[in-house]
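# Coordinate inspection notes
Letter by letter, the chains look like this.
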Amino acid sequence: MKITIYTITIAALILFSACSTKSVTNKHFTPGAIWLDNNNIHINAHGGGILFDNGIYYWFGEHKTEGENGNLANVGVHCYSSTDLYNWTDEGIALAVMPPSSRSDIEEGCILERPKVIKNKKTGKYIMWFHLEPKGKGYKGALSGVAISDNVTGPYTYIKAVRPNAGHYPLNVPDIHKLDSPALNLSFDGGSLPGNVDTLNILGRDMKEGQMARDMTLFVDDDGKAYHIYSSEENSTLHIAELSDDYLSHTGKYGRFFAGRFMEAPAMFKHKGKYYLMMSGCTGWNPNQARSAVSDNIFGEWKELGDPCIGDTTQTTFHSQSTYILPVQGKPDTYIYMGDRWNPENAIDGRYIWLPITFDGDRFTIRWNDKWKIEE
Ligand code: GAL
């Protein structure tokens, strides 16, 4: 009898531990909830984007940590893989920050945000671009970093960080920007300029060293050309810049859009031949009302379409900020809005807001849904 109870207890314990380590299978998206990976750990890929490669989705994003410095790059860029978009396998750190002694641009404690990865079909390489701020300098650097790998999940090798398009005027350059710019000493307060964007020659100020580049995304067009889209000119104006054939540098061809509108968090997608952008305003980690725009050509003319969020009574993009719009493979009209619900007090606990995109004439719209799945 004793042996029987003992045996039953051991069997129960084995069963319990097997059940508790088994990963949960997700069948829905539950925006804002803790999203567990295959190891039952909340996915850690903030400000992220997705690459679909050889039948698998790869999600890259900022690995955040606990505590007050959790938004700094203490670890690197995290990668996860999935075949169904609901269940994600931890693929580890794709781009690791370097030790403090390394004096690398991407040393531990720098700011490394909004990483995006694209594949170059000609070279077969995977290219990652990200917003980089050197350690200890706040957000003054406004640099774009680039890294490369032969394998989608990495390890990625850091190449360089640049201010894009030094020495080049944009396609749609206003005359004032061709004038010699006096040394403009702007003190940026996160959402406005000390003057009119049309008369302050920020572009000219940065002509020699290259244009500022903070929040960013990448977009690969049907013809294989890739574009880097970033908040520039003290965040006041969005730049859309063509990348070179190897995707490792800027060609000097770029346009400036939404001058003085302070657009951040850009996400671009193409639907039925039209280019769409979703962006936020500029309020740091606090959410604000989303914006959207459409164009027949990537270099404009861009037409603003207003807030795509329907029923968002607090006008906060459902308490999130855009990071990517994902085309679902094999479903030409199916796109998913991917946003971040930041938690600056405990960055690792930031949540993901994924919602379905719907089309309404020329515009796209987003509605809240507590629990949803891609229509079969
Ligand atoms: C947000 C931006 C984030 C991060 C944050 C810092 O506006 O979208 O990526 O830079 O500001 O305050």
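Procedures and definitions
Residues numbered from 1 in each chain as written. Predicted model: local features only at pLDDT ≥ 70, side-chain atom pairs only at ≥ 80, totals over all residues. Heavy atoms only, no water. Buried < 20%, exposed > 50% of the residue type's maximum accessible area, 1.4 Å probe, protein only. Helix = DSSP H or I, 4+ residues; strand = E, 2+ residues; numbered from the N terminus. Pairing = 2+ DSSP bridges. pLDDT = per-residue confidence, 0-100. Contact = heavy atoms within 4.5 Å. Near = heavy atom within 4 Å. Polar contact = N/O pair within 3.5 Å; in protein donor to acceptor, adjacent residues only side chain to side chain. Areas by Shrake-Rupley, 256 points an atom, 1.4 Å probe, with all protein chains shown as cover. Nonpolar A, V, L, I, M, F, W, Y, C, P; charged D, E, K, R; others polar. Core = buried A, V, L, I, M, F, W, Y, C linked by side-chain atoms within 4.5 Å. Axes fitted to C-alpha atoms, helices over the stretch in contact; angles between N-to-C directions.

Of all the 8 residues making up strand S1 (residues 46–53), 7 are buried; the element is thus mostly covered by neighbouring parts of the structure. For S1 and strand S2 (residues 56–62), the ladder comprises 6 bridges, and the chain directions are antiparallel. Opposite histidine 46, over in S2, you have glutamate 62 as the bridge partner. In this structure, the hairpin formed by S1 and S2 is closed by a connection of 2 residues, where asparagine 54 is found at a positive phi of approximately 50 degrees.

Let's shift gears to the confidence of the model for the chain. Looking at the chain, the pLDDT average stands at 92 and 92% of residues meet or exceed 70. For the stretch residues 12–20, pLDDT sits under 50, and the model shows 1 contact to residues farther than four places along the chain or on other chains.

Near the ligand the following residues occur: Glu113, Arg114, Tyr139, Asp215, Glu264, Gly284, Trp285 and Gln321. Glutamine 321 places a polar side-chain atom, nitrogen or oxygen, 3.0 Å from an oxygen atom of the ligand. Computed on the free molecule, the ligand has an accessible area of 310 Å², of which 90% lies beneath the protein chains in the complex. When the residues that make up the shell around the ligand are grouped by side-chain class, the tally is 2 nonpolar, 2 polar and 4 charged.

The subject of this paragraph is unusual backbone geometry. The residue after glycine 154, namely proline 155, is reached through a cis peptide bond having omega 5 degrees. Here the residue pair glycine 300 and glutamate 301 is connected by a cis peptide bond, since its omega of 20 degrees sits within 30 degrees of zero. The residue glutamate 301 is located in the loop between strand S15 (291–295) and strand S16 (303–304) in this model. Its identity as a non-glycine residue notwithstanding, asparagine 54 has a phi of 50 degrees, on the positive side. Its place among the elements puts asparagine 54 in the loop between S1 and S2. Relative accessible area serves as the criterion here: at 68%, asparagine 54 is assigned to the exposed category. Even without being a glycine, glutamate 234 presents a positive backbone phi close to 60 degrees. Its location among the elements puts glutamate 234 in the loop between strand S10 (226–232) and strand S11 (237–243).

Before going further, it helps to spend a moment on the nonpolar core. Ranked by size, the top nonpolar core spans 37 residues in total, and within it Phe29, Ile50, Trp59, Leu85, Trp88, Ile336 and Trp354 carry the most contacts. Looking at this core, the elements with two or more residues in it are S2, strand S13 (264–271), strand S14 (274–280), strand S18 (321–327), strand S19 (335–341), strand S20 (351–360) and strand S21 (363–367). Of all the elements, S20 adds the most residues to this core, at 5 residues. When near neighbours in sequence (up to four residues on either side) are disregarded, isoleucine 336 contacts Phe29, Leu85, Tyr324, Ile325, Leu326, Val328, Trp354, Leu355, Ile357, Trp372 and Ile374. Among the nonpolar cores identified, the runner-up in size contains 22 residues, and Leu95, Ile106, Val152 and Tyr158 belong to it.

With that settled, consider the sheet that holds strand S6 (residues 126–133). If you walk across this open sheet you meet the 4 strands as S5-S6-S7-S8, and the pairing is antiparallel. Both outer strands of the open sheet, strand S5 (111–119) and strand S8 (157–162), are each paired with one neighbouring strand and no more. Averaged over all pairs of adjacent strands, the angle between strand axes in this sheet comes to 25 degrees, irrespective of strand direction. As defined by bridge partners, S6 adjoins strand S7 (residues 143–149) across 7 bridges and the pair is classed as antiparallel. Bridging from a neighbouring strand, tyrosine 126 pairs with serine 149 of S7.

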